[in-house]
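Report on the structure
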Amino acid sequence: MHRFANPTRFLKLARPLTWICFWSGLALVLGACIWGLAAAPADRLMGDTVRILYIHVPTAWLGMGGWVAIALASIVQLVWRHPLAGIAARAAAMPGAVFAGLCLLSGSIWGRPTWGAWWVWDGRLTSMLILFFLYIGYIALVNASSERGQTSRTAAIFGIVGAVNIPIINRSVVWWETVHQPPSITLSGSSIDSAFLWPLLASVIGFSLLFGAIVLMRMRAALADIRVEARLQRLAAA
Amino acid sequence: MSALRLIARDLRLAWTGGGLWLPILFFLAVAILYPFAVGPDAKLLRATGGAMLWIAALLAALLPIERLIRPDWESGFLDQLAVRGWADEAVAALKIAAHWLSFGPPLLLATLVGAALFDLDGDMAGTLLGGLAIATPALAALSVTIAALTARAGGGAAGLMLLPLAIPVLIFGAGSLGPNSVGAMPLLAAVSLGLTVLAPFAAGAAMRALRD
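As a starting point, this report considers the structure included with it.

Basis of the calculations
Residues numbered from 1 in each chain as written. Chains lettered and ligands numbered in written order. Predicted model: local features only at pLDDT ≥ 70, side-chain atom pairs only at ≥ 80, totals over all residues. Heavy atoms only, no water. Patch = residues over 30% accessible without salt bridge, like charges linked within 9 Å, V, L, I, M, F, W, Y side chains within 5 Å. Areas by Shrake-Rupley, 256 points an atom, 1.4 Å probe, with all protein chains shown as cover. Salt bridge = Lys/Arg side-chain N within 4 Å of Asp/Glu carboxyl O. Helix = DSSP H or I, 4+ residues; strand = E, 2+ residues; numbered from the N terminus. Buried < 20%, exposed > 50% of the residue type's maximum accessible area, 1.4 Å probe, protein only. Expected span 1.5 Å × (residues − 1). Contact = heavy atoms within 4.5 Å. Polar contact = N/O pair within 3.5 Å; in protein donor to acceptor, adjacent residues only side chain to side chain. Core = buried A, V, L, I, M, F, W, Y, C linked by side-chain atoms within 4.5 Å.

Let's shift gears to a nonpolar patch on the surface. Residue and element names in this part refer to chain B. Taken together, the side chains of Ile 32, Leu 33, Phe 36, Leu 109, Leu 112, Val 113 and Leu 117 present a nonpolar region at the surface, about 730 Å² in accessible area. Looking at which element gives the most residues to the nonpolar patch, the answer is helix H6 (residues 88-117), with 4 residues. In this structure, Leu 117 sits in helix H6. Here Leu 117 falls in the partly exposed class, since its relative accessible area comes to 44%.

Residues and elements named next belong to chain B. The end-to-end C-alpha distance of helix H3 (residues 42-62), which contains 21 residues, comes to 29 Å, matching closely the 30 Å that a straight helix rising 1.5 Å per residue would cover. When H3 is considered as a whole, its buried residues turn out to be Leu 45, Gly 49, Gly 50, Met 52, Leu 53, Trp 54, Ala 56, Ala 57, Leu 58, Ala 60 and Ala 61. Contacts from the buried residues of H3 go to helix H2 (21-38), H6, helix H7 (122-149), helix H8 (158-175) and helix H9 (184-209). One side-chain oxygen at the N-terminal end of H3 lies 3.2 Å from the backbone nitrogen of Lys 43; it belongs to Asp 41.

Let's shift gears to the nonpolar core. If you look at the biggest cluster of nonpolar residues, it comprises 111 residues, and the most contacted ones within it are Trp 67, Tyr 138 and Phe 158 of chain A together with Phe 27, Ile 69 and Ile 146 of chain B. Looking at which element gives the most residues to this core, the answer is H7 of chain B, with 14 residues. With near-sequence residues (within four places) excluded, Tyr 138 of chain A lies in contact with Trp 67, Ile 70, Ala 89, Arg 90, Ala 93, Ala 155, Phe 158 and Gly 159 of chain A. Judged by nonpolar contacts, the second largest core, of 7 residues, contains Ala 40, Val 50, Tyr 54 and Phe 196 of chain A.

Pasting the structure below:
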């Protein structure tokens, strides 16, 4: 892990990886969307509204996955003092918030024709909304305490504390049996027909790759910021 | 400086700095605003007043955050304690205890007034008081934790950070007032206990991070 503590070594790997992730992710997402919107069959009960699944599920997965990434990176930052972990955690916050927001938005658009309401106070929806607010709080905290290049440990502590919400979201459909359906894809198998499952899988992988590319881009931007700052300080000192 | 003297000092500061009365007056002000917003329908107020008082309690918990850790950090008081060999976690636990003493019991007294304002019946007022008595340690612990996290950055983000974390308390607390409330009170106690036990460690880590 500490092999990549050196920013130069990290950048050497990150530079090509960004574009591999970005283009393959974009291709997969576009392919999955065309597949899902045109080729995959409509659902027997829900009709064409089922197609929003190909956006909704990946964004929900990444909205939660983003905070898990923040929490893991924060633990690495606090325990091993890894210099890039704090930067990685900060880089994951904005895309995580965007994906959580997209998940809420697409779910709301889907809920209008299916449940007959834009918003239902269901356990899963509410806990996802809380996660969105946690992202906003985290970003506000990071921005407020930003001495450039300084990755504050307070943000890391909040990242770990906020992770208590993740199991609540994950279990919410089991604990509060209200409107949102229980999980269809579990470790032991899937209750979704393979005609829907394959484009969904492609879309999840594609969005995940895009997420990775965005995080890498933001990390590179943060590292470049630190370099600029350091060079300006050297110039001012000279 | 002994633990008791530390608590006494915090209580004295809360007393002289207005930290004792302001959250309570704010709590009552929010409760009084509610009938203005929804109208003076006694039946509606009786049915929803308890939940409204829960929200008012959460908002009141936000108010003292600015003065919990930041002044002590700026004046160097926390550094002095650290130099004397105090563990940050111990200081955090004592600060939580002191904050609860200045926040919990007055809030419970004010809840009696609130229950009278909304004309809650005896059972509901009892459940409300019991729930708030269980929840206020968790709210105090969360307040101190968020205060330690935002001491350097300023309190702007504090509301966005505290309220999402306090939502489980609100769900089970307000849930215990409803018609099908079996199990809500034990769950509230479990959430409150968990938050109160974990908070000194998070707050202590945040206070240590302040010294970087």
